[in-house]
Each structure stands twice: as C-alpha cells, then as structure tokens.
Amino acid sequence: MKTLSTRSRNGRRIRGRKLHSDKSPGQSAEPVFCPVCHAVFKDGRWQWLEAWPLEARQTICPACQRIRDNKPAGIVKMSGTFIRLHRQEVINLARSHEREERARHPLHRIISIEEFPDTVIVATTDIHLPKRIGRAMQRAGKGRLDLGCDRKNSFVCVNWIARETPAKELIPRKRRQF
C-alpha cells in the first residue's frame with residue numbers, strides 16, 4: 001500500500017490518502033469494465049450497469065482479482081453443534097445475504113464455502129459481508145459472536161459459535177392446596 005505525501009510551503013510533510021492496490025483503477029481511467037463479472041467502474045465506484053460505453057477499458061475488478069488469487073478480505077467461521085444440525089440453513093442464509101449485498105455492491109461476494117463436521121468457513125471479497133453474515137447468524141441461532149480485524153491489512157475475521165440446546169421438558173408445577 002502506498003501513501004501519497006507532499007510538502008507544504010513551510011516545508012512540513014503532509015500525509016495524504018492511502019492508495020490500495022486492490023481498490024479503484026483511478027479516477028482518470030473511467031469508465032472501466034470488468035470482462036469477468038461485467039461490473040463497471042463509473043462515477044468513482046464499481047456498479048452494475050445495463051450497458052457500458054464502447055470506449056471503456058477492460059480491467060479485472062478487485063473482487064474478481066481476489067477470487068482469482070484466492071485472497072479473501074474477510075472470513076466468517078461458524079461452529080458448534082448448531083451447524084451440524086442446521087448446516088444447509090446456515091449456508092443458505094450466507095448465500096442469501098451475499099445476493100442482497102451483491103445487488104447493491106458488485107465487490108461484495110463470497111469466494112468459497114468450506115464445510116467441516118461442526119464448522120462452516122465462508123471467505124469473502126470484502127470486509128462488510130462477513131460482519132453482516134455473522135450478525136444474521138447471531139439473530140437466527142443466538143450463540144456468541146466475536147469480531148476481529150486487522151486494519152493494517154484490511155482483513156476481518158468473524159467467529160460465531162452456537163451450541164444447540166436440547167428442548168426443555170415441561171415440568172408440571174405443583175398445585176397449590178387451599
């Protein structure tokens with residue numbers, strides 16, 4: 001990651017904004033079209049458009065680059081006995097949130113879903129989708145949600161652990177005797 005810096009008139013260094021190699025292709029290069037997913041970089045952001053200008057350059061978008069390089073920006077690790085009992089529902093919930101998010105933000109996608117006996121690991125192309133999936137899992141199945149991030153590398157790790165509790169048996173109350 002590069003940082004732009006300039007010198008002011010009085011000689012002090014001014015730190016500018018940070019440039020991420022996997023972010024936008026640059027304002028001067030608009031419009032840009034991704035040949036893999038057909039997203040278009042226009043007006044300073046990646047978006048879905050019905051058509052794009054003929055003069056648009058072709059560049060692979062950051063999400064397709066992350067998928068190609070298998071370099072996730074976020075991971076959701078869901079574990080516990082709840083996963084063993086409700087695996088398909090958990091995967092469907094993650095996919096559903098990805099579809100909703102991807103409709104608005106072309107760069108928010110799932111890279112892979114790994115399944116183990118008591119664990120499901122979802123790798124994503126951005127840092128917001130894992131948080132959204134984790135919070136949805138917490139609402140759906142209770143459990144404990146831990147959010148962790150590495151700001152230096154723009155990486156998010158979400159851990160959700162839930163244990164399936166057995167159904168409580170109804171215990172009859174003693175009747176009061178008058």
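Computed from a predicted model, the values in this text were never measured in an experiment. (Residues numbered from 1 in each chain as written. Predicted model: local features only at pLDDT ≥ 70, side-chain atom pairs only at ≥ 80, totals over all residues. Heavy atoms only, no water.)

J.: Any chance you could explain the overall build of the protein chain here in plain terms?
T.: Helix and strand counts for the protein chain stand at 3 helices and 11 strands. Reading the protein chain from its N terminus to its C terminus gives the helix and strand order β-β-β-β-β-β-α-β-α-β-β-α-β-β. Taken over 178 residues, the protein chain has a buried fraction of 33%. Put simply, of all contacts in the protein chain between residues at least 6 apart along the chain, 53% involve residues at least 24 apart. A total accessible area of about 12600 Å² is found for the protein chain, and carbon and sulfur atoms account for 50% of it. (Helix = DSSP H or I, 4+ residues; strand = E, 2+ residues; numbered from the N terminus. Buried < 20%, exposed > 50% of the residue type's maximum accessible area, 1.4 Å probe, protein only. Contact = heavy atoms within 4.5 Å. Areas by Shrake-Rupley, 256 points an atom, 1.4 Å probe, with all protein chains shown as cover.)

J.: How should the state of the cysteines be read in this particular structure?
T.: What we call a disulfide is simply a covalent bond connecting the sulfur atoms of a pair of cysteines. Taken as a whole and judged by the stated rule, the model has 0 disulfides. Not engaged in a disulfide, the cysteine C37 finds its nearest cysteine sulfur in C61; these two sulfurs lie 3.6 Å apart. For C37, a relative accessible area of 12% translates into the label buried. Not part of a disulfide, C61 finds its nearest cysteine sulfur in C64, a span of 3.5 Å. (Disulfide = S-S within 2.5 Å.)

J.: Honestly, the packing of aromatic side chains in this entry has me stumped. Any pointers?
T.: We describe a pair of aromatic rings using the distance from one ring centre to the other and the angle between the two ring planes. All told, the structure shown has 2 aromatic pairs when counted by the stated rule. Between the aromatic rings of F82 and W160, the centroid separation amounts to 5.6 Å while the plane-to-plane angle is 85°, which identifies the pairing as edge-to-face. Of this pair, F82 sits in helix α2 (residues 81-104) while W160 sits in strand β11 (residues 155-161); the two residues are 78 residues apart in sequence, bridging distant segments of the chain. Pair check on accessibility: F82 and W160 agree, each one buried. (Phe/Tyr/Trp six-rings, centres within 6.5 Å; stacked < 30°, edge-to-face > 60°.)

J.: Even after reading the chapter, I still don't get the sheet that holds strand β9 (residues 119-124), so can you show me in this structure?
T.: Note on sheets: strands pair through backbone hydrogen bonds, and any given pair is parallel or antiparallel. If you trace the 5 strands from one edge of the open sheet to the other, you get β8-β9-β7-β11-β10, paired in mixed fashion. The open sheet has two free edges, formed respectively by β8 (110-116) and β10 (144-150), since each of these has just one partner strand. Between one strand axis and the next, the sheet turns by 10° as a mean value, whatever way the strands run. Bridge analysis of strand β7 (residues 74-79) against β9 gives 6 bridges, and the strand direction is antiparallel. Looking across to β9, one finds that S79 is bridged to T119. The strands touched by α2 are β7, β8, β9 and β11; relative to β8, the strand with the most contacts, the crossing angle is about 175°. (Pairing = 2+ DSSP bridges. Axes fitted to C-alpha atoms, helices over the stretch in contact; angles between N-to-C directions.)

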